[in-house]
Amino acid sequence: MRTNAPIAAHPVARWLILIILAVGVYFFHSFLVPILAALIIVFASWPLYKKLVVCCREKTWLSASIATTLVFLLIVVPLVALAIYITREVQHGVTWLVFVNRHGAEAPVWVTQLPGVGSFLTEWWNETLNHPHAISDLTQLVGLGQLANISRVVITFGGQLFSVLLALVFMLITLFIVYKDGHLLAQQLDKVGERILPKRWFRVSRVAPTMVSSTVTGMTIIAIGEGIVFGIAYWIFGAPAPLTLGVLTGFMALIPGGAPTSMTLVSLYLLGSGHPLAGLGLFTWGAIQLFVVDKTIRPRLVGGPAKLPFLPTLFGLVGGVKTMGLVGLFIGPVVMALLVAIWREWLTEEDEADEAPASS
């Protein structure tokens, strides 16, 4: 007599499904980051997107088109412009290094004017770099190889812009599909998840959207706060255009290491322009502020809604950025939140198992 058992219930079928999934991951792993980036944007903007769907009278294709266009204009276009600008600046810098390596160059004026160490650095520069092929000798000394090879690698980086643009196009396509059919995908995932983790799937699966939303919200609040506080600090210590520098620092705070880099560059500018006390004061201010924000405020804002402890939140932020770059800033806390959620479920299950014999 034939039975209507699920296909996945047979052991051979389960292994076949796992093999197909592994092959799919192998062939499409290069698109993992664009897919994760699209999911992060969807999770963070889903509450606003639901209001947009209502305004579009439940026409999901129209609301998905509008939302994808807004993401393209507000996120993709500025990032592409920034990437092109950085690539050009790096190419200009490498071109200058090649020229200096070929002809040599005297120490710049700003190096000479550095308080305390200006004379020492000027003497070292003129003795070490002010003759032909000096930079090549220096790079070989520190184990970086020939300068020409380094310059080719850096300049070739501009040629990889096509692959980055392809990833952005794939991300936008994924974004549109998830916006349009996200509710159907969520229903299908819930249906499959309830079979894998009965009675626990709903609690575990809702951790990821909560963590992504809290991470985006926390990073935005921190960026705005650091931009305002650093703008005030720039004005107090006499930096030029403090409002503009504050806005730039707030924008850079969204990137790992961006705020410390901006603050350090402004401090070095103040040192090089003959204001050593202002430069040291700004650097001290910024170091204390960033230490407090990174060690206390950031983990609380990121892990607060999911009740994630401080240490897993910190490990998720640092480990995610180190592993996957900017996308890992959001994926790392999600992974740690899922691990903590599974751990709590196990503890709850053990407590229920211990209470059952006592009640009987």
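Data block above holds the structure.
Here the residue numbering is sequential within each chain, running from 1 through the sequence in written order. Note on the predicted model: pLDDT of at least 70 is required for a residue's local features to be given, and 80 or more for side-chain atom pairs to be given and counted; whole-chain, interface and lining totals, by contrast, use all residues. The basis for every side-chain value is the complete set of non-hydrogen atoms in the structure, without hydrogens or water.

Trainee: Help me out: how do you make sense of the packing of helix 11 (residues 242-252) against helix 12 (residues 258-272) in this one?
Mentor: Relative orientation of the contacting elements helix 11 and helix 12 amounts to 150°, with a least axis distance of 7 Å. Classified by the angle between their axes, helix 11 and helix 12 sit roughly antiparallel to one another. Judged by the twist between their axes, the crossing of helix 11 over helix 12 is right-handed. In contact with L245, T249 and M252 of helix 11, helix 12 contributes G258, A259, S262 and V266. Charged means Asp, Glu, Lys or Arg here, nonpolar means Ala, Val, Leu, Ile, Met, Phe, Trp, Tyr, Cys or Pro, and polar covers whatever is left, Gly included. When its residues are assigned to classes, the contact of helix 11 with helix 12 shows four nonpolar, three polar and no charged. To define axes, lines are fitted to C-alpha atoms, for helices over the stretch in contact only, and angles between the resulting N-to-C directions are given on a 0 to 180 degree scale. For helices the rule is a DSSP run of H or I covering at least 4 residues; for strands it is a run of E covering at least 2, with both sets numbered from the N terminus onward. Roughly parallel covers angles under 35 degrees, roughly antiparallel covers those over 145, roughly perpendicular covers 65 to 115, and oblique covers all other angles. Should the near helix be turned anticlockwise from the far one by less than a right angle, the crossing is left-handed, and should it be turned clockwise, the crossing is right-handed. Residue contacts follow a heavy-atom distance rule, with two residues in contact if any of their heavy atoms lie within 4.5 Å.

Trainee: Could you clarify how one ought to interpret the packing of helix 2 (residues 32-55) against helix 3 (residues 60-103) in this entry?
Mentor: The axes of two packed helices give the description: the angle between them and the distance between them. The N-to-C vectors of helix 2 and helix 3 enclose an angle of 130°; their axes lie 11 Å apart at closest approach. Taken together, the axes of helix 2 and helix 3 lie oblique to each other. Between helix 2 and helix 3 lies a crossing of right-handed hand. Facing helix 2, whose interface residues are I41, Y49, L52 and V53, helix 3 presents T60, S63, A64, I66, A67, V71 and I75.

Trainee: Quick question: what am I supposed to make of a nonpolar patch on the surface here?
Mentor: For patch building, the residue pool is restricted to those with more than 30% relative accessible area and no salt bridge; the joining distance is 9 Å between like charges and 5 Å between nonpolar side chains (Val, Leu, Ile, Met, Phe, Trp, Tyr). Accessible surface area values rest on a Shrake-Rupley calculation with a 1.4 Å probe, where residue burial reflects the displayed protein chains alone. Salt bridges, as used here, are contacts in which a Lys or Arg side-chain nitrogen is within 4 Å of a carboxyl oxygen on Asp or Glu. Taken together, the side chains of I66, L70, F72, L73, L74, I75, V77 and L79 present a nonpolar region at the surface, about 680 Å² in accessible area. Residue I66 is classed as partly exposed on the basis of its relative accessible area of 32%. Residue exposure (1.4 Å probe, protein chains only): buried if accessible area is under 20% of the type maximum, exposed if over 50%, otherwise partly exposed.

Trainee: Any chance you could explain helix 12 here in plain terms?
Mentor: Helical periodicity: at 3.6 residues per turn, an α-helix aligns residues three or four positions apart in one direction. Each helix should span, by expectation, one fewer than its residue count multiplied by 1.5 Å. Spanning 15 residues, helix 12 covers 21 Å between terminal C-alpha atoms, matching the ideal 21 Å at 1.5 Å per step. Buried within helix 12 are the following residues: G258, A259, S262, M263, V266, S267, L270, L271 and G272. Once helix 12 ends, the next one or two residues include G274, with phi positive near 90°.

Trainee: What exactly am I supposed to notice about the nonpolar core here?
Mentor: Soluble globular proteins: nonpolar side chains tend toward being buried together. By nonpolar core is meant a set of buried Ala, Val, Leu, Ile, Met, Phe, Trp, Tyr and Cys residues that side-chain atoms within 4.5 Å join together. Ranked by internal contacts, the top residues of the largest apolar core, which has 25 residues, are I40, I41, Y49, M171, L175, Y179 and V327. Broken down by secondary-structure element, the contributors of at least two residues to this core are helix 2, helix 3, helix 8 (161-196), helix 10 (207-236) and helix 15 (328-359). The biggest single contributor to this core is helix 2, with eight residues. Here M171 is in contact with P34, A37, A38, I41 and V76, once residues within four sequence places are set aside. The next biggest cluster of nonpolar side chains, apart from the first, holds 13 residues, and it includes F230, A233, Y234 and M263.

Trainee: Explanation requested: the packing of aromatic side chains in the structure shown.
Mentor: Each aromatic ring pair is summarised here by two numbers: the centre-to-centre distance and the angle between the ring planes. Pairing of aromatic rings covers Phe, Tyr and Trp, the last through its six-membered ring, and needs centres within 6.5 Å; plane angles under 30 degrees mean stacked, over 60 mean edge-to-face, and all others mean tilted. Taken as a whole, this structure holds four aromatic pairs when the rule is applied. By way of ring pairs, the aromatic residues W46, Y49 and Y179 are connected into one cluster.

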